[in-house]
Amino acid sequence: PPARDAHDPFFIKNPAETVSVPEEYYERVKSMHEVGGSGSIGYRYDFKREEAFKNLLRTHTTAVSSQMLYKLANQEGGFKPARYFSIDRVFRNETMDATHLCEFHQVEGLVADYNLNLGDLIGTIETFFKKIGITQLRFKPAFNPYTEPSMEIFGYHPDLKKWTEIGNSGMFRPEMLTPMGLPENVRVIAWGLSLERPTMIKYRINNIRDLFGHKVEMARTRTAPICRFDDATTA
Amino acid sequence: MPTVAVEKDALFTAVGHTYTDHEFDELCFEFGVELDDITSEREEAIKSSTSKLTKEQIESLSDVTIYKIDVPANRYDLLCIEGLSRALKIFLGDMDAPNYDIVAVEEDQMQVMNVQTKSTATVRPFVVCAILRDITFTPERYNSFIELQDQLHRNLCRQRTLVAIGTHDYDTVQGPFCYDARSPDRISFCPLTHSSSGEVFQNAKSLLEFYETDASCKHLKPYVPIIKDSPLYPVVLDANEVVMSLPPIINGSPSKITLNTTNVFIECTATDLTKANIVLDTVVSMFSEYCAKPFSVEPVKVNYLAEDGSGSILADKSYITPQMSTRSESASVEFINSLIGISATPQDMVQLCNKIQLGPASLKDNDTQLVVTVPPTRSDILHPVDIAEDVGIAYGYNNITRRVPQTSTVGGEQPLHTLGDLLREEIARAGYIEVLTHGLCSIHDNFTALRRKIDLDSAVELSNPANVEYQVVRTTLLQGLLKTLQHNKSASFTNGFKLFEISDVVKADYEHVVTETIVGARNVRNLCAVYSGPTSGFEIIHGLVDRIMTLTEVAPEEEYVKNSGKGAEEEYRVSRDGWFYTIRELKEGEGGHECAGSYFPGRAAEILLTKPGEDGFVRKSIGTFGILHPEVLGNFDILYPTSSLELELECLL
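Next up on the list: the overall build of chain B. Counting secondary structure elements, chain B contains 19 helices and 29 strands. Its C-alpha atoms give chain B principal-axis dimensions of about 100 × 65 × 60 Å. Classification of the 653 residues of chain B by burial places 53% in the buried group. Put simply, 70% of the contacts in chain B that link residues at least 6 apart link residues at least 24 apart. Summed over its atoms, the accessible surface of chain B is roughly 28900 Å², and 49% of this surface lies on carbon and sulfur atoms. Of the charged side chains in chain B, 56 are positive and 94 negative, and the gap between their average positions amounts to 4 Å.

Structure, rendered in C-alpha cells:
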C-alpha cells in the first residue's frame, strides 16, 4: 500500500529489529492487511514480519498516538472517550534546504469518542487555530494512508496576507482502529501540523537553522518576545 | 505526493472548459488535487541549476504553459492527462464514468502467455497481460503513455521492484508468448536503448554491466541491482524466441512501439500480483480511450505451466487478464451521513456518486443502503469509509456544518514533562539560556570529542546516514550545548555564558517495554547545563545541582550539609520523606564512570540519589558535573574554561 512510501525513514543498524510486540495484536494487524475484515477488503499482499519489525526513527508522532489508542482500547475497565495531544520530534531522511532539516517537531491532537463525524473534526480544528490567530480556514480533500476521510487545512495567514497550507487531518481508518480493539462506533478524529513552520511564519524566520539546532544565534534567543496571539477581534 | 505535469491548453481542451489560473486552482481544491506550479519547459531550464544548455538552446525550448499538479498517492487514475481530465469532466457533471469493456473472445481463441512457473518463481513469479486494439498514437499521446508508465513505476511499483510494465507493438511479434527466467548467458537481444545501432548483446549480464557504467543509460542504473546477481533473469519472449523484454530493466528493440503502432500488447511482470492487476487495469483504462472502440480491451489467457516440465497447465494458478475489476460495494446511507456530518437524502447521494466515479449508483433495502459501482480506476476503495469520503467530497467539505465534540475530559501534561517545564522556568531564572539541539549527531561528537570511549552497543546507530552528522542518535546532550558555544563565539563570555537543555537522549535497551512492545531502545529525559567564562564556574554549576535538588524536594545527606556551609538554610528546607542526595568524586580510568574522560581529572563529581521504596535505589548515580577537560574544549573550539552538568531527570520524578 502507499503507506510505506509516504515518508523517507531513517533505518537503524543497531538495534535493527524490534524485539517483541503483543502477538495477538500483530496477528490482527497482519490479517487486516492481508485479507481485510470488518467491512474492508484489505490490502491483499503478503504481510512480512521482517518488514514490520524493522526499526526506524519515527517519521510522524502518529506512531505513538496509535500506541496510546491501543492502550486506551485495552485498559482496565475498557475504552473511555479521550482527548490526546503530543508535541514531539520526528525524523525524515529527506533533502535539506532552508526550510527543511532531517528532524523537526510535530503537533498532533486527537479525539476518540463515539459517533464523531467530519463536522466535529472541522469544528475542533477551527477552535484550535483560532487560538493561534488563524480564523479563516478551508478544507481540501487529501490522502493519508491511515485516515479516511482526510483533509488538508488551509488558512488565511493574517501576517503573510495569503492562504497557505497549515496542517493535515482526518479520521483514522477502521483498518487501523479495529485491530486495536476499539468498539465499533468509536471514531477517532485527528489533526497535525509542524511546529517550526507556523513559528517561522510568525517570527519571519527564513531558515530553520535559525530556529532549531546549535547554529541559532544567541542574540535572537535573547531578544525573542513572549508569544502571544490576540483573540481574533482584529480579523 | 506524485506530481503530474500537463500542458495547460491540452488539459483545458480535454476537460472541455477554459479557466483562469485562479479558477482552475479553485477547481483543484474542491476536487482534491493541488495546482503546485505553473511553468514551462523554458522556465524549468532557466530555473534549473543542473541544466547545461546555452542561452540559445534555452530560448529554443517551448514556453507553452505547463501545470504541475500534485495528486493523492492512492489515485493511480490521476497520473496522466487522460485520467486527470476524465476525472474532472465527471466531477463537473459533463460526462458519465465510462464502461470499460472486455471484448468477448472465446477462451480457446484468446492470445496466450505461458509461464515457466518453476523458474519465474525464483525471481519474479507473476505476469498479467492485455491487448489494446486499433489505437491511434500522436506524439502527445505517445509521450503521455511513456510518462504514465514512469509514474506507476516510481509509485505503485515501488521503483519497479514490485511490478514492471512492458509495452510492445503487437504486430511485430507472434503469440503464444512465453514468460520465463533464464540464465543471463542464454538471453541475447537488441535492447530498446540500442535501437538505432541495432547492437545485439549476447549476454544479458554484460548488458546490465553496461547500464551500470554508461552515462547515457544512467536512468536504468537504479534497477540493475534488482536482478543482476540472480542466477536466472526474467525474460518475456514471443513464439519465435524474440526477446520482447528483460523485466524490470528494458524492453527489446524488435517489439518497440512507434507512432505507427496500431495494436499494443502490454505485459506486467511482478512480485505482487494484486498490484500487477492494479497497474495493468490503470494503463488499460487510461489509454483504451484512444482505441477505435473506446474503453475496450482484449483479454489474454495466462497459463502457469507445471513445474515438472510436462507442459501441462496448472488450472488453479492460471487466469485471464486484464481483470478490469468493476465491483459493487455498498454503504449504509445513515453511516455516510453520520460519518461526514451531513443530512443528504438517499437520492442526493445517488447523484453525488456520479460526480466521483462511483456511478451508476442505486438504492436498496428501502433506500437505506447505497450501492455504488467501483470501477477499475478506483482501486483505492477498500471500505465504506472510502465511499463516505467521496460522497463528502462531492458534497463539498466546506459545506459541512461544523460542531465541537461533546467529549468531556480533563487535560494535563505527562508528569515528566510537567517536571521539566517547571525546572525550565527556574533554571532560566538562574540566568541560563535554553537551547534546543539536534537529536542526530556524529559518533565523533557523541563520544570521541568528549573523550569518551566509543560504545556503539549503547547507542542507536543509523544504517545509511547520508551524512556523518547522522550516524547516531545522541546519548548525551553535552555535545549539542558545546556546539552551541562553538557557534556563538561572538557572544559575550565576560560574565559567563550559561546554557541549558532539557530534552531526550536515546539509549539502546533490549528490555525496556512500552505498550507491551520492546523496540530495543528507550528515551531518557536528560537535563544538561554548561557555564563558560573567564573562570571555570565549577562552584556555579555545583550551585545549580544544589538548586535543582532544593526545587525537587530532595534533601542533602547529613555529611553533605556539614561540608557545605549552608546549614542555616536547612531549617526551611522542604523535602520528600526518604529522598536524599550527595556528591562523590568521579572515578576515572579502568572501571571508572563512562563520562569521566570528559572532565578535568579530580575536578568532577557524580550526583548520588537515594529514593524510598524502590528496591535498591540507594545512592544511585543519576548524573555528573565538573570542569571540562581542555582537550574537550579544544575539540569544540571553545576558548574559555567551561563546566557542565548532565543528569537523568526521570530519577527526580
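On the secondary structure map, H383 of chain B appears in the loop between β18 (369–374) and α13 (384–395). A distance of 3.2 Å separates a polar atom in the side chain of H383 of chain B from the backbone oxygen of S38 of chain A. Beyond its immediate sequence surroundings of up to four residues, H383 of chain B is in contact with S38, G39, S40, R173, P174 and E175 of chain A.

This part takes up helix α8 (residues 204–213) of chain B. Residue and element names in this part refer to chain B. Turning to α8, its buried residues are A204, L207, L208 and Y211. An end-on view of α8 places all buried positions within 100 degrees of arc, on one side of the element. Sitting at the amino-terminal end of α8 is N203, which places a side-chain oxygen 2.7 Å from the backbone nitrogen of K205.

On to helix α1 (residues 8–15) of chain B, then. Residue and element names in this part refer to chain B. Taken as a whole, α1 has its buried residues at K8, L11, F12 and V15. Down the axis of α1, the sector holding all buried residues measures 95 degrees, keeping them to one side. Opposite the buried face of α1, at more than 90 degrees from it, the exposed residues are D9 and T13. Residues of α1 that are buried sit in contact with β1 (3–7), α2 (21–31), β3 (66–70) and α5 (81–92). Two residues or fewer after α1 comes G16, characterised by a positive phi angle close to 90 degrees.

So, about the sheet that holds strand β16 (residues 327–332) of chain B. All names here are of chain B. In space, the three strands of this open sheet follow the order β16-β18-β17, with antiparallel pairing throughout. For this open sheet the edge positions go to β16 and β17 (362–364), each flanked by a neighbour on one side alone. Sheet twist, expressed as the average angle between the axes of neighbouring strands with direction ignored, equals 35 degrees. Inspection of the sheet shows β17 paired to β18 by three bridges, in the antiparallel sense. Within the sheet, the bridge partner assigned to L363 lies in β18 and is L370. Sheet strands in contact with helix α11 (residues 333–340) are β16, β17 and β18, and its direction is about 65 degrees off that of β16.

It is worth spelling out the interface of chain B and chain A at this point. With 81 residues of chain B at the interface, the matching set in chain A holds 82 residues. Of the roughly 6900 Å² buried at the junction of chain B and chain A (both faces included), carbon and sulfur atoms supply 55%. Scanning the region where chain B abuts chain A turns up six salt bridges. R138 of chain A is the salt-bridge partner of E30 of chain B, the closest N and O atoms lying 4.0 Å from each other. Our enumeration of links across chain B and chain A arrives at 32 residue pairs in polar contact (both at pLDDT 80 or more). Of the residues belonging to the side of chain B that touches chain A, the class tally is 37 nonpolar, 26 polar and 18 charged. Sheet topology places strand β1 (residues 10–14) of chain A next to strand β21 (residues 460–462) of chain B; two bridges connect them, and they run antiparallel. Across the sheet, N14 of chain A pairs through a bridge with E461 of chain B, a residue of β21 of chain B.

Right, let's talk about the pattern of salt bridges for a bit. Tallied over the full model, the rule gives 41 salt bridges over all chains. The partner of R378 of chain B in a salt bridge is D380 of chain B, and the shortest N-O contact between them spans 2.8 Å. Across the pair, D380 of chain B and R378 of chain B agree in class, each one buried. The partner of R525 of chain B in a salt bridge is D504 of chain B, with the nearest N and O atoms 2.5 Å apart. Taken together, the residues span a long stretch of sequence, with R525 of chain B in strand β24 (residues 521–532) and D504 of chain B in strand β23 (residues 497–508) at a distance of 21 residues. Per residue, the accessibility class of R525 of chain B equals that of D504 of chain B, and both read buried. Linked through salt bridges whose partners overlap, the residues forming this network are E148, R173 and E175 of chain A together with D386 of chain B.

To continue, consider the sheet that holds strand β7 (residues 163–169) of chain B. Residues and elements named next belong to chain B. What the three strands build is an open sheet, ordered β6-β12-β7; its pairing is antiparallel. A single partner strand is all that each edge strand has here, and the edge strands are β6 (126–132) and β7. In this sheet, neighbouring strand axes are inclined to one another by 15 degrees on average, regardless of whether the strands run parallel or antiparallel. With seven bridges joining them, β7 and strand β12 (residues 264–270) adopt antiparallel strand pairing. Pairing of I165 across the sheet is with C268, part of β12.

As a further point, take the packing of aromatic side chains. The tally for this structure, following the rule as stated, stands at 32 aromatic pairs over all chains. On the basis of an interplanar angle of 65 degrees and a centroid distance of 5.5 Å, the ring pair of F12 of chain B and Y19 of chain B is categorised as edge-to-face. By relative accessible area, Y19 of chain B is classed as buried at 17%. For the cation-ring pair, K202 of chain A lies above Y203 of chain A, with the distance from its terminal atom to the ring centre recorded as 5.8 Å. Lying across the ring of F497 of chain B, R222 of chain A places its NZ or CZ 5.4 Å from the centre.

All names here are of chain A. Of note, G181 is situated in the loop between α5 (174–180) and β8 (186–194). Among the residues examined, G181 registers a relative accessible area of 40% and is labelled partly exposed. Put simply, G181 and K71 are 110 residues apart on the chain and 9.6 Å apart in space, counted from C-alpha to C-alpha.

The pLDDT averaged across chain B works out to 93; a share of 99% of its residues lies at or above 70. Taken together, the chains of this predicted complex give a pTM of 0.87 and an interface ipTM of 0.93.

With that settled, the discussion passes to the nonpolar core. Residue and element names in this part refer to chain B. By size, the foremost hydrophobic cluster in this structure holds 116 residues, and its most contacted members are F24, I69, M113 and L370. Looking at this core element by element, the count peaks at eight residues for helix α10 (residues 273–287). Those residues within four positions of I69 in sequence are excluded, and the remaining contacts are P2, T3, V4, V6, L11, F24, V33, E34, L35, D36 and L84. Counting residues in hydrophobic clusters, the runner-up holds 30 residues, among them F500, I548, I607 and L649.

Conventions adopted
Residues numbered from 1 in each chain as written. Chains lettered and ligands numbered in written order. Predicted model: local features only at pLDDT ≥ 70, side-chain atom pairs only at ≥ 80, totals over all residues. Heavy atoms only, no water. Helix = DSSP H or I, 4+ residues; strand = E, 2+ residues; numbered from the N terminus. Buried < 20%, exposed > 50% of the residue type's maximum accessible area, 1.4 Å probe, protein only. Contact = heavy atoms within 4.5 Å. Areas by Shrake-Rupley, 256 points an atom, 1.4 Å probe, with all protein chains shown as cover. Lys, Arg positive; Asp, Glu negative; His and termini not counted. Charge placed at Lys NZ, Arg CZ, Asp CG, Glu CD. Polar contact = N/O pair within 3.5 Å; in protein donor to acceptor, adjacent residues only side chain to side chain. Arc of directions from axis to C-beta. Pairing = 2+ DSSP bridges. Axes fitted to C-alpha atoms, helices over the stretch in contact; angles between N-to-C directions. Buried area = accessible area lost by both parts, 1.4 Å probe. Salt bridge = Lys/Arg side-chain N within 4 Å of Asp/Glu carboxyl O. Nonpolar A, V, L, I, M, F, W, Y, C, P; charged D, E, K, R; others polar. Phe/Tyr/Trp six-rings, centres within 6.5 Å; stacked < 30°, edge-to-face > 60°. Lys NZ or Arg CZ within 6 Å of the ring centre and 35° of its normal. pLDDT = per-residue confidence, 0-100. Core = buried A, V, L, I, M, F, W, Y, C linked by side-chain atoms within 4.5 Å.

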